[in-house]
Amino acid sequence: MKLTKRPRRLRSSESLRKLVRETRVSPESLIYPVFFVEGEGVKREIPSMPGQYHWSVDRAGELVELCRCAGVSRLLLFGIPDHKDGCASAAFDPEGIIQRAMRALKALAPEFYLITDVCMCEYTDHGHCGILHGREVDNDATLEVLSRIALSHVEAGADMVAPSDMMDGRIAAIRTILDENGHENTPILSYAAKYASAFYGPFREAAGSAPAFGDRRGYQMDPHNVREALKECALDVEEGADLLMVKPALAYLDVIAKVKQRFDLPLCAYAVSGEYAMAKAAAAAGLIDEYRVMCESAVAVYRAGADLLITYYAPELAGAMRRGDLG
Ligand code: PBG
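Residues numbered from 1 in each chain as written. Predicted model: local features only at pLDDT ≥ 70, side-chain atom pairs only at ≥ 80, totals over all residues. Heavy atoms only, no water.

**Student:** What is the right way to read the pairing of strand β2 (residues 43-46) from this model?
**Tutor:** Within a regular beta strand, the side chains point alternately toward one face of the sheet and then the other, so they alternate between its two faces. For β2 and strand β3 (residues 49-56), the ladder comprises four bridges, and the chain directions are antiparallel. Each bridged residue has a counterpart across the sheet, and for Lys-43 the counterpart in β3 is Trp-55. Here β2 hands over to β3 after two residues, the two strands then running antiparallel side by side. (Pairing = 2+ DSSP bridges. Helix = DSSP H or I, 4+ residues; strand = E, 2+ residues; numbered from the N terminus.)

Quick look at the structure:
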């Protein structure tokens, strides 16, 4: 048959397929989320997230070892305190769980890049991401606490802060307090387009941060909206965000693509706990090839436009990327 154009020509060998690949990824773009808890001698698997652990600070060395072996050196830290109250005081305690974990990690692995999640929900007794006024989260009162938390993280050694609360004006508030205290070079990664998602379920179990009443739809975004994501990003850029995030990842590829088109900041996607737990559960049931699904899902997120990827699969993905299994 006379066919001038044969797209299959470029698919004829592995070498050629790799040569013409459009999406290329690197382990340097991976960020690994980790959970620290109070206590000693703890390395406890999180039931809702097989393969992920609660770590006590004294076992941070094992986490460092795991990351070094995998070739992952950027971490996103979450803390789960013993003490919770109405104003999340454990979140900005200089001796708080995150602050101690960070000091330990910095001492053990000075080459690691440490990002902290700035939010109140793991630290409040009601599980909401801010200060309550009646049954509502009070936006402006929350900004003060978030700023204190961010400053306290940076003072304990955080290289970057990532506010995930979805309050209005939080990037400006955090930028101001960091600058006032001589941290004008510490970047802010904004969870700019964070949706009110059912995919956070396993995380909330892991972090003990499910809201005691109501839900987060009064501050996190409605999954039906994409223009609103662009509005959120524009505000955060104006307020001084250095990097933007879309979260969750797989169900929001269109949002990633649109944000990438419109904004020049590095763009991060967060493949959240539910995405991970679903793959794990399907694999455990023998329904999918976990390794290939992990690789394909990550490629999809990069292809949509993400420059960075936060994922619980970071250690495995780093290996897969080095082997060239993602291109
Ligand atoms: C804190 C926070 C959450 C996640 C990251 N930061 C939970 C939430 O908003 O309820 C979710 C991460 C995941 O599901 O992996 N606000």
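**Student:** Help me understand the site of the ligand, please; the structure alone is not making it clear to me.
**Tutor:** As a matter of local geometry, the ligand sits amid 18 residues, with Lys-194, Arg-204, Lys-247, Ser-273 and Tyr-312 nearest to it. Take Asp-117: an N or O atom from its side chain is 3.2 Å from a nitrogen atom of the ligand. Ser-164 is positioned such that a nitrogen or oxygen atom in its side chain is 3.3 Å from a nitrogen atom of the ligand. Here the ligand loses 100% of its free accessible area of 400 Å² to cover by the protein chains. (Near = heavy atom within 4 Å. Polar contact = N/O pair within 3.5 Å; in protein donor to acceptor, adjacent residues only side chain to side chain. Areas by Shrake-Rupley, 256 points an atom, 1.4 Å probe, with all protein chains shown as cover.)

**Student:** Mind showing me how you'd approach the environment of Arg-175 here?
**Tutor:** Within the secondary structure, Arg-175 sits in helix α5 (residues 170-180). On a C-alpha basis, the gap between Arg-175 and Asp-236 in space is 11 Å, while along the polypeptide they are 61 residues apart. Ignoring anything within four residues of it in the chain, the contact list for Arg-175 reads His-183, Glu-184, Thr-186, Pro-187, Ile-188, Glu-239, Gly-240 and Asp-242. (Contact = heavy atoms within 4.5 Å.)

**Student:** Mind showing me how you'd approach empty space enclosed by the protein here?
**Tutor:** Where empty space is left in the structure can be found by rolling a water-sized probe over the atoms. Across all of its chains, the model carries one cavity of 30 Å³ or more by this definition. Roughly 160 Å³ of internal volume is contained in the largest cavity. Around the largest cavity, the lining is made up of 20 residues, and of these Cys-121, Lys-194, Tyr-200, Phe-203 and Lys-247 lie nearest the centre. Listing elements by their share of the lining of the largest cavity, those giving two or more residues are β9 (189-194) and α6 (201-207). When the residues that make up the lining of the largest cavity are grouped by side-chain class, the tally is ten nonpolar, four polar and six charged. (1 Å grid on protein atoms, 1.4 Å probe; cavity = no way out; pocket = protein on both sides within 12 Å on 5 of 7 lines; lining within 4 Å. Points joined across faces, edges and corners; volume = space filled by probe spheres on them. Nonpolar A, V, L, I, M, F, W, Y, C, P; charged D, E, K, R; others polar.)

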